[in-house]
Amino acid sequence: MTILGIETSCDETAAALVRRHPDGSGLILANVILSQIKDHAPYGGVVPEIAARAHASHLDRLIKTALAEARLTLDDIDGVAATAGPGLIGGLLVGLTTAKALALAKAKPLLAINHLEAHALTARLLWPLDFPYLLLLISGGHTQIQIVEGVGRYRRIGTTIDDALGEAFDKTAKLLGLSYPGGPQVEALALKGDAGRFDFPRPLRGRQGCNFSFSGLKTAVRETVEALGRLSPADKADICAGFEAAIADVMRDRLSRALKQFKATFADVRQPVLVVAGGVAANRRLKSTFETLCARHGFSLIIPPAHLCTDNAAMVAWAGAERLALGLTDPLDAQARARWPLDPEAKRMTGAGVKA
Ligand code: KG4
Ligand code: ZN
């Protein structure tokens, strides 16, 4: 089956065509993306109104481009999938309404996709991967650990109680006068810095459970920046290195608890797997932390390539294909949802806003 996927939940406008074969394997036929980073950069973060307008101006052209790249027409597809949440409501409405119009006009099934489910299932588009597996989702909007038990079946065992990890990178970058998005720049500067110069806090390290907190770390960075006054290039590099070291320590601590919990829950899974997704998964220092940790706990580590870890429409199309294969379609009055937790049983973390 061939699915058209649409992603408009944040600052990427994207369209893709993905095929799912009867054996469960996947193939990306086209995957086009338009990043709005330059539109938002002057403001140091994503401006919802600008994002929604940009999605509306570009989406139809991107869908046409994706169809042309895949050498398909709308008559060749078996369903239309769009991110319906969580995310910025204006952008979600643009993508979901477009998908509904196409589904109605062409009498194809609609698949209203949870963006987090799309991230969670991407690994299965690329590799044969059975349920259950453990998912660490680290992006600009989300920081969660989920047990993925099946399509539509998630158990959240960890979440941030305040900022998302990518947000912590971006805020640190902003404090250092670096441009948005700051994650890659913090990583580059950290390579030149002395991680031992500043002793930043390791929030929640050693505590029960697998939750994360990053706001105290951000405050510590701010206080350090204020105390130093004018920052030399070496100061900036040392702050980045110290910040990344603190994050790596926190990840090691929180994640090792999650790996143990997964193994205790699924003792019969012979080769447990950790999947890491989201933009921050591109960070090499954290990648090597995850590799070491997985080797120690007997887990295989899967990190999709960066262009499929960050927001894209291939993951949305794939989630649509996985759902359609199970007959899980949505009505044309499906609602866009700013907040939409993957695990409906999970406790709401008020400090984390829509992101928990
Ligand atoms: O998944 P993503 O593209 O968008 C969503 O938030 O959904 O993630 C973007 C986030 C940004 O916060 C960005 O700073 C961060 O991922 N990021 C990184 C790196 N590359 C991107 N953070 C740390 N190190 C990186 N190399
Ligand atoms: Zn995302």
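Our subject is the structure listed above.
The structure contained in this document is the topic of the report that follows.

Here's the deal with the site of ligand 1
Line of reasoning, step 1. Near ligand 1 you find 18 residues, and of these Gly-140, Asp-170, Glu-187, Gly-279 and Asp-311 are the closest.
Line of reasoning, step 2. At 2.6 Å, a backbone N or O of Gly-140 approaches an oxygen atom of ligand 1.
Line of reasoning, step 3. Taking Gly-166, its main chain carries an N or O atom lying 3.1 Å from an oxygen atom of ligand 1.
Line of reasoning, step 4. When ligand 1 sits alone it has 550 Å² of accessible area, and the protein chains cover 89% of it.

Focus on the side chain of Asp-235
Line of reasoning, step 1. Structurally, Asp-235 is set in helix H8 (residues 233–265).
Line of reasoning, step 2. Judged by its relative accessible area of 10%, Asp-235 is buried.
Line of reasoning, step 3. What Asp-235 contacts, discounting residues up to four positions off in sequence, is Arg-197, Phe-198, Leu-228 and Arg-230.

Details of the coordination of the zinc ion (ligand 2)
Line of reasoning, step 1. Around the zinc ion (ligand 2), the protein contributes the donor atoms His-115 (NE2), His-119 (NE2) and Asp-311 (OD), at 2.1 to 2.2 Å from the metal centre.
Line of reasoning, step 2. Relative to the metal, the four donor atoms surrounding the zinc ion (ligand 2) lie at angles of 82 to 144°, and the coordination shape comes out irregular.
Line of reasoning, step 3. Every donor residue of the zinc ion (ligand 2) comes from the same chain, spaced as H-x3-H-x191-D. Here the residue His-115 and the residue His-119 both occupy positions in helix H4 (residues 115–126), the gap between them amounting to four residues, near one helical turn.
Line of reasoning, step 4. His-119 sits in the buried class, given a relative accessible area of 2%.

The rules behind each value
Residues numbered from 1 in each chain as written. Chains lettered and ligands numbered in written order. Predicted model: local features only at pLDDT ≥ 70, side-chain atom pairs only at ≥ 80, totals over all residues. Heavy atoms only, no water. Near = heavy atom within 4 Å. Polar contact = N/O pair within 3.5 Å; in protein donor to acceptor, adjacent residues only side chain to side chain. Areas by Shrake-Rupley, 256 points an atom, 1.4 Å probe, with all protein chains shown as cover. Helix = DSSP H or I, 4+ residues; strand = E, 2+ residues; numbered from the N terminus. Buried < 20%, exposed > 50% of the residue type's maximum accessible area, 1.4 Å probe, protein only. Contact = heavy atoms within 4.5 Å. Donors = N, O, S within 2.8 Å, 3.2 Å for Na, K, Ca; no water. Tetrahedral: all angles 85-135°; square planar, octahedral: opposite > 155°, others 65-115°.

Take it as geometry only, folks, not as evidence of what the structure does.
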